[in-house]
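Listed below are the residues making up each chain.
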Amino acid sequence: RPSNPVAHQSTTMSLSVDAKFSVSMPSVGKGNGSTCLLLTAIAACATTIVAWGGLASLQDQFYGGDLTAGTPPSITFRYYWFHCAWNTVVCAGLVYLLWTNMLAKYRGAVVGLFAVGTLLFIQGSDHFLTLRDDKLFDTGLQRDRLNTVVAGWIMTAALNALLVLGLGWVCDC
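Residues numbered from 1 in each chain as written. Predicted model: local features only at pLDDT ≥ 70, side-chain atom pairs only at ≥ 80, totals over all residues. Heavy atoms only, no water.

J.: Would you mind showing me how to read the overall build of the protein chain here?
T.: Looking only at helices and strands, the protein chain has five helices and zero strands in total. Going from the N terminus to the C terminus, the protein chain shows its helices and strands as α-α-α-α-α. For the protein chain, with 173 residues in total, the buried portion stands at 32%. A sequence separation of at least 24 residues applies to 77% of the contacts in the protein chain between residues at least 6 apart. (Helix = DSSP H or I, 4+ residues; strand = E, 2+ residues; numbered from the N terminus. Buried < 20%, exposed > 50% of the residue type's maximum accessible area, 1.4 Å probe, protein only. Contact = heavy atoms within 4.5 Å.)

Printed below as a string of structure tokens:
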């Protein structure tokens, strides 16, 4: 009987991977506080994305029906779309100013813009928290969508407030 040469062979294989990963950031400002501001601004952009997504899903829920008597969802939610757009632009501007070391020149304006954004998101979170009492949002997907909006608005308001405080605290931009 012939022997099977493949069955009796032994193969050893080794794999070696030597990889290095590094991220380099430009020197942001003169102190460590500016780097914290940059990271907080990026986090504020991320929470604004949660607000965008929650609002989009909430508005999508009401196409084909009305949330308020006779008002289409695009009109009902346009004020809250403005909140998201405002914060996205202001956060992106702050990230740019920090990245290019130009914050010292525009810091007063940025503090004012974030103060307005903070108030918009506080007002918006109050509105969406009030909607949670509506029987329309008792259970299911509607409740989850509304909770996403509320979470996005509260997180964004909190990070905006931190940025207002941080911008006032970091003196060596």
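On we go from here.
J.: Can you help me understand a nonpolar patch on the surface in this one?
T.: Together, Tyr96, Met102 and Tyr106 give the surface a local cluster of nonpolar side chains, amounting to about 290 Å² of exposed area. Position of Tyr106 relative to the elements: it lies in helix H4 (residues 103–131). Residue Tyr106 is classed as partly exposed on the basis of its relative accessible area, which comes to 36%. (Patch = residues over 30% accessible without salt bridge, like charges linked within 9 Å, V, L, I, M, F, W, Y side chains within 5 Å. Areas by Shrake-Rupley, 256 points an atom, 1.4 Å probe, with all protein chains shown as cover. Salt bridge = Lys/Arg side-chain N within 4 Å of Asp/Glu carboxyl O.)

J.: Got a minute to help me understand the state of the cysteines in this structure?
T.: Joining two cysteines, a disulfide is a covalent bond between their sulfur atoms. Scanning the entire structure with this criterion turns up zero disulfides. The cysteine Cys45 is free of any disulfide, with Cys91 supplying the nearest cysteine sulfur at 4.0 Å. You can call Cys45 partly exposed: its relative accessible area is 23%. (Disulfide = S-S within 2.5 Å.)

J.: Looking at this structure, I do not really get the confidence of the model for the protein chain. What am I missing?
T.: The predicted coordinates should not be examined in detail at positions where pLDDT is low. On average, residues of the protein chain score 80 in pLDDT, and 73% of them are at 70 or above. Confidence, read as mean pLDDT per element, is least for helix H2 (residues 73–76) in the protein chain (73) and greatest for H4 (92). Under a pLDDT of 50 for its full length, residues 23–29 has, in the predicted model, 14 contacts with residues more than four places off or in other chains. (pLDDT = per-residue confidence, 0-100.)

J.: Explain the environment of Ser74 to me, please; I cannot follow it from the model alone.
T.: Relative to the helices and strands, Ser74 resides in helix H2. With 14 residues separating them in the primary sequence, Ser74 and Asp60 have C-alpha atoms 9.5 Å apart.

J.: Whenever I open this one, the packing of H4 against helix H5 (residues 140–169) confuses me. Can you help?
T.: Geometrically, a packed helix pair is captured by the angle between its two axes and the distance between the axes. Between H4 and H5, the least distance of the axes is 8 Å, while the angle of their chain directions is 150°. Considered as vectors, H4 and H5 are oriented roughly antiparallel to each other. Here the hand of the crossing between H4 and H5 comes out left-handed. Counted by class, the contact of H4 with H5 contains 21 nonpolar, six polar and one charged residues. (Axes fitted to C-alpha atoms, helices over the stretch in contact; angles between N-to-C directions. Parallel < 35°, antiparallel > 145°, perpendicular 65-115°, else oblique. Left-handed = near helix turned anticlockwise from the far one by under 90°. Nonpolar A, V, L, I, M, F, W, Y, C, P; charged D, E, K, R; others polar.)

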